[in-house]
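Per-entry structural report
The lines below spell out each chain.
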Amino acid sequence: MKLQLIIISLFTLLFTACSVKPLEPVSFETVNKEISFTNDIKPILDNRCVSCHSCYNSPCQLKLSSYEGLERGGSKADVYANRMNADSPTRLFIDAINQKEWRGKGFFSVVDYLENSNESIMMQYLFQKDKNPLNLGNYSPEEDELSCTKDKDELALFFEDNPHKGMPYGFPALKKEEYNLLMTWLKDGAIDDTKKDDINNFEKEQIKKFEAFLNNKETKYQVTSRYIYEHLFLAHISFDEKSGNFFELIRSTTPTGFKPKIIATRFPYDEVKEPFYYRFRKIESTIVHKTHMVYELNDKKLERYNELFIKPTWEQKPYLPPYDSKISANALKIFEQIPANSRYQFLLDDIHYIIMTFIRGPVCKGQIALNVINDHFWVMFMDPKYDLSLQDKYFLHDNIPNLSIPNEYGEDPSLFKTFKALDNYELAKKYETNKASVYKQYYPNGLNFNAIWKGNQTQENDSILTIYRHFNSASVHKGAFGDIPKTLWVIDFPLLERIYYSLVAGFDVFGNTAHQLLVRTHMDRLRIEGESNFLEFLPKESRQEYFNSWYEGWLAQYLSVYIPSDNNVDIKYQTKDFKKEFANKVLDYTNTKRDSINFIEDGYKQNEIKKVYNTKEEIEKTFKTLTLPNSSKIIKHFTDGESNLAYIRIKMNSGENFVYTLVINRWHKNVALLFDEESRLEPSKDRINFVKGFIGSYPNLFVVVNQNDLNEFFNLLQNYKDTPNDDKRISKFVINRADSNFWENFDWFNNEFKKQDSLQYGLFDLNRYYSKAINQ
């Protein structure tokens, strides 16, 4: 019987293999010229491929943002897979340095010729698209099960089942001249001519200054440098805005004057046993917005480092802290010798960057990771003069045992440690009780607006930051965007440092599922801590009621441990709408402008949709009306994860263009649970925000509206009905992924973003563009 089964299985395999149609030889017109990767090929890859292939969420880990990524190739390993044990990291430019090492890690070439062939995987994918240019069905690169084909047999089987899934995946094919150029270059051996380390003299001098500071052998400098490095290891550092160059701060085996050679560690606080040097390495990859976190270094910043860390006398004699993983994950403990005020001021100096690392850090995708926050909220910060973790020399030290973070268990925690940490609320309770007690001692009348930080004098609108969540991504912005949000946070120094080390320095995308679960659930507690800090500015009798309104449902309230204090508040309220009154007063106190489009003032009257629009002011008045609850019916019909962020181009008859981002803020009954998010949504309370310019990194839609069509467009947003006729009307404005002019529109939006903000500019990501392809 066993022999029969073996024979049948062999015949089945043989029959299946013979039945697969062999690959058709590729065809293209050879380009008769010397082709440059830098001048001819890289622009094609940047403009048509990098939009999906640039981060951990790149399909098959194929990163096309640099020649090194193209040379590395693809992998069948899923970075975001659930796993019992941590995986080995596969970070480009870090975890392997040449093609041989990447092959040892399971990566396969997409540019080398296939066996018994003079064609590569990449050539076959491009050819498949060229001969089958239509996009049919739905395309979602992050969610689709891609086979990550690595040989001829797998390619043939994939194309037989998926003839319309060539590259670019789910978007229009390359133009013929682009296709022929790229195919000729691949056929000729995919030669690289990239000039490395193209750095101007000014940048070289600045790098020398900062490397001299960071590598000073005095103990105080060494401790300071370690602290700075652990907060800047993800930064895209700019020394000269005009050059367009960005650098990363690394630990290198080589000193200044030699080529930087990175030392690969899983976490920035991991021990390096060999001698190392802090070095700046030029970023050679194409800049993409979703990972572009700019940090500027200049002479003023160097002087600021000296002012904060070197000139002050430390109460403890400086010593080199250990690299013990059980404590190095907690910066509050490992860097206790550095004055807390210096550390907090360092973070506040570039607070937009610090908060951005939470949002754009190691995770490039993850609805489960992001459903820990509401879709829209404001963040404020405790003023250093009122933050008792800085002013009371004993408070922070005494409470460090209560301020642990689960990242101390590393990337591979056991199930026992995981469940022990998940169930341990006692430390959080103890800390909140202790904090309330010491604040009551110092401020018996309670806190007032003086305790809210008013921002950096040199930077506009950074006293309040706005967080928008876009389903499975998020963005952070200087200023108070939108109307008064459902929740607000106040962040003090201990909370700011713990969020950073939990979500950024101590988060490992290659860690096991338990590690990621611990980080996600710990963020629940940190979110509640931020909300609790805000509630301290409201009358004490109102705090529990506000908190309960944010956590509807018995399970949410059971899981969300809130310890309201009995402390007074030193703010005289004139109304019973304490949150609204506080929000208005804090905007005035911090001199933060109200959002001219989305903030709804008392007595505001709706504007009727006009028949003709002639000015920007008229357009924005209608936008404002559409932001009111239940004023835009279209968002009731599009409620999935593909309908949260759209870029709108309004083409005026004069030739001028206005750009806005449409953001949909979903109302959550609570954000206390990991799963079944849909059941906790309340669409009747959803709101639209219209923001000038660009926000977010992952547009779901591009929208183009002519001035003469604004009446029709606004009426569609306000009165949309789920009918074929209205769907057809939408197609007049929305650029579908199958639209023959898709790439022209993509290029326009990208170029416009670069024109508006060249320093913060990076390519948008199309992995989350609306999935349905409509061929008209």
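The rules behind the values
- Residues numbered from 1 in each chain as written.
- Predicted model: local features only at pLDDT ≥ 70, side-chain atom pairs only at ≥ 80, totals over all residues.
- Heavy atoms only, no water.
- Helix = DSSP H or I, 4+ residues; strand = E, 2+ residues; numbered from the N terminus.
- Rg over C-alpha atoms; globule rule 2.2 N^0.38 Å.
- Buried < 20%, exposed > 50% of the residue type's maximum accessible area, 1.4 Å probe, protein only.
- Contact = heavy atoms within 4.5 Å.
- Areas by Shrake-Rupley, 256 points an atom, 1.4 Å probe, with all protein chains shown as cover.
- Disulfide = S-S within 2.5 Å.
- Polar contact = N/O pair within 3.5 Å; in protein donor to acceptor, adjacent residues only side chain to side chain.
- Pairing = 2+ DSSP bridges.
- Axes fitted to C-alpha atoms, helices over the stretch in contact; angles between N-to-C directions.
- Arc of directions from axis to C-beta.
- Phe/Tyr/Trp six-rings, centres within 6.5 Å; stacked < 30°, edge-to-face > 60°.
- Lys NZ or Arg CZ within 6 Å of the ring centre and 35° of its normal.
- Patch = residues over 30% accessible without salt bridge, like charges linked within 9 Å, V, L, I, M, F, W, Y side chains within 5 Å.
- Salt bridge = Lys/Arg side-chain N within 4 Å of Asp/Glu carboxyl O.
- pLDDT = per-residue confidence, 0-100.
- Core = buried A, V, L, I, M, F, W, Y, C linked by side-chain atoms within 4.5 Å.
- Parallel < 35°, antiparallel > 145°, perpendicular 65-115°, else oblique.
- Nonpolar A, V, L, I, M, F, W, Y, C, P; charged D, E, K, R; others polar.

Each helix and strand counted, the protein chain has 29 helices and 13 strands in total. For the protein chain, whose C-alpha radius of gyration is 28 Å, the value lies close to the compact-globule estimate of 28 Å for 776 residues. Across its three principal directions, the C-alpha atoms of the protein chain cover 80 × 70 × 70 Å. Burial status across the protein chain gives 58% buried among its 776 residues. Once local pairs closer than 6 in sequence are excluded, the contacts in the protein chain between residues at least 24 apart make up 78%. For the protein chain, the computed accessible surface area is about 34,300 Å², with 51% contributed by carbon and sulfur atoms.

Moving on, we come to the state of the cysteines. Under the counting rule described, the total for this entry stands at one disulfide. The partner cysteine of Cys-60 in its disulfide is Cys-148, sulfur to sulfur 2.2 Å. The chirality of the disulfide connecting Cys-60 with Cys-148 is left-handed, given an S-S dihedral of about -95 degrees. A residue pair is termed long-range when its members are at least 10 positions apart, and Cys-60 in the loop between α2 (37-48) and α3 (67-72) and Cys-148 in the loop between α5 (121-131) and α6 (152-161) qualify at 88 residues. You can call Cys-148 buried: its relative accessible area is 10%. Not part of a disulfide, Cys-49 finds its nearest cysteine sulfur in Cys-52, a span of 9.0 Å. By relative accessible area, Cys-49 is classed as buried at 12%.

A few words now on the environment of Trp-314. With respect to the helices, strands and loops of the structure, Trp-314 is situated in the loop between α10 (299-310) and α11 (325-328). Not counting residues up to four positions away in its chain, the partners in contact with Trp-314 are Lys-220, Val-223, Thr-224, Phe-309, Gln-337, Ile-338 and Pro-339. Side-chain polar atoms of Trp-314 contact the backbone oxygen of Phe-309, separated by 3.0 Å.

What follows covers the sheet that holds strand β8 (residues 487-491). Strand order across the open sheet formed by four strands is β7-β6-β5-β8, with mixed pairing between neighbours. Across the chains shown, the open sheet's two edge strands, defined by having one partner strand only, are β7 (474-478) and β8. Here the strands of the sheet are splayed against their neighbours by 25 degrees on average, with no regard to which way each runs. As judged from the five bridges shared by strand β6 (residues 465-469) and β7, these two strands associate in the antiparallel manner. In the strand pairing of β7, Thr-466 is matched with His-477.

A separate point is helix α27 (residues 710-719). What α27 keeps buried is the set Leu-710, Phe-713, Phe-714, Leu-716 and Leu-717. The buried residues of α27 occupy an angular sector of 155 degrees when projected down its axis, which confines them to one face. Contacts made by the buried residues of α27 are with α25 (616-626), α26 (634-637), β9 (645-651), β11 (687-692), β12 (701-706) and α28 (724-731).

Taken as a whole and assessed by the stated rule, the structure comprises 69 aromatic pairs. For the ring pair Phe-547 and Tyr-551, a centre distance of 4.5 Å and an interplane angle of 25 degrees mean the geometry is stacked. There is no split in this pair, since Phe-547 and Tyr-551 are both buried. Here Lys-301 stacks its cationic end above the ring of Tyr-295, 4.2 Å away from the centre of that ring. Against the face of Tyr-698 rests Arg-768, its NZ or CZ located 3.7 Å from the ring centre.

Before going further, it helps to examine a nonpolar patch on the surface. On the surface, Trp-554, Leu-555, Tyr-558 and Leu-559 cluster together into a nonpolar patch covering about 500 Å² of accessible area. Tracing the backbone shows Tyr-558 in helix α23 (residues 554-559).

Now for the confidence of the model for the protein chain. Mean pLDDT over the protein chain: 91, with 95% of residues reaching 70 or higher. Contacts for the low-pLDDT stretch residues 8-18, under 50 throughout, to residues beyond four places or in other chains number zero contacts.

In this structure the tally under the stated criterion is 47 salt bridges. A salt bridge links Lys-76 to Glu-154; the shortest N-O distance between them is 3.1 Å. Taken as a pair, Lys-76 in the loop between α3 and α4 (99-104) and Glu-154 in helix α6 lie far apart in primary sequence, 78 residues in all. With a closest N to O distance of 2.7 Å, Arg-304 and Glu-307 form a salt bridge. You can see Arg-304 and its partner Glu-307 sitting in helix α10, three residues apart, about one turn around the helix.

What follows concerns the nonpolar core. Counting 125 residues, the largest nonpolar core has Phe-280, Tyr-305, Ile-355, Phe-381, Leu-496 and Phe-582 as the members making the most contacts within it. By residue number, the principal contributor to this core is helix α20 (residues 493-505), which donates nine residues. Those residues in contact with Phe-582 that lie beyond four places of it in its chain are Met-380, Phe-449, Phe-534, Phe-537, Leu-538, Ile-571 and Tyr-573. Core analysis: the next-biggest nonpolar cluster, separate from the first, contains 34 residues, Leu-62, Phe-108, Leu-114 and Met-123 among them.

Sheet architecture is open: five strands sit in the order β11-β10-β9-β12-β13, paired in mixed fashion. Two strands bound the open sheet, and with one partner strand each, they are β11 and β13 (734-735). Each of β9, β11 and β12 is contacted by α27, which is oriented at about 135 degrees to β12, the strand it contacts most.

Let us now look at helix α22 (residues 543-550). For α22, every residue scored as buried is listed here: Arg-543, Tyr-546, Phe-547 and Trp-550. Projection of α22 onto a plane perpendicular to its axis shows the buried side chains occupying an angular sector of 100 degrees, all on one side. Those residues of α22 hidden inside the fold are in contact with β8, α21 (513-535) and α24 (578-589).

With respect to the secondary-structure elements, Ile-648 resides in strand β9. Through-space distance from the C-alpha of Ile-648 to that of Val-703 is 4.6 Å; in sequence the pair is 55 residues apart. Those residues in contact with Ile-648 that sit more than four places away from it in its chain are Phe-658, Val-659, Tyr-660, Leu-662, Phe-690, Val-703, Val-705, Phe-713 and Phe-749.

Viewed as axis vectors pointing N to C, α25 and α27 meet at an angle of 10 degrees, and their least axial separation amounts to 11 Å. In terms of axis orientation, α25 runs roughly parallel to α27. Contacts from Ile-619, Thr-622, Phe-623, Thr-625 and Leu-626 in α25 reach Leu-710, Phe-714, Leu-717 and Gln-718 in α27. Tallied by class, residues from the contact of α25 with α27 come to six nonpolar, three polar and no charged.

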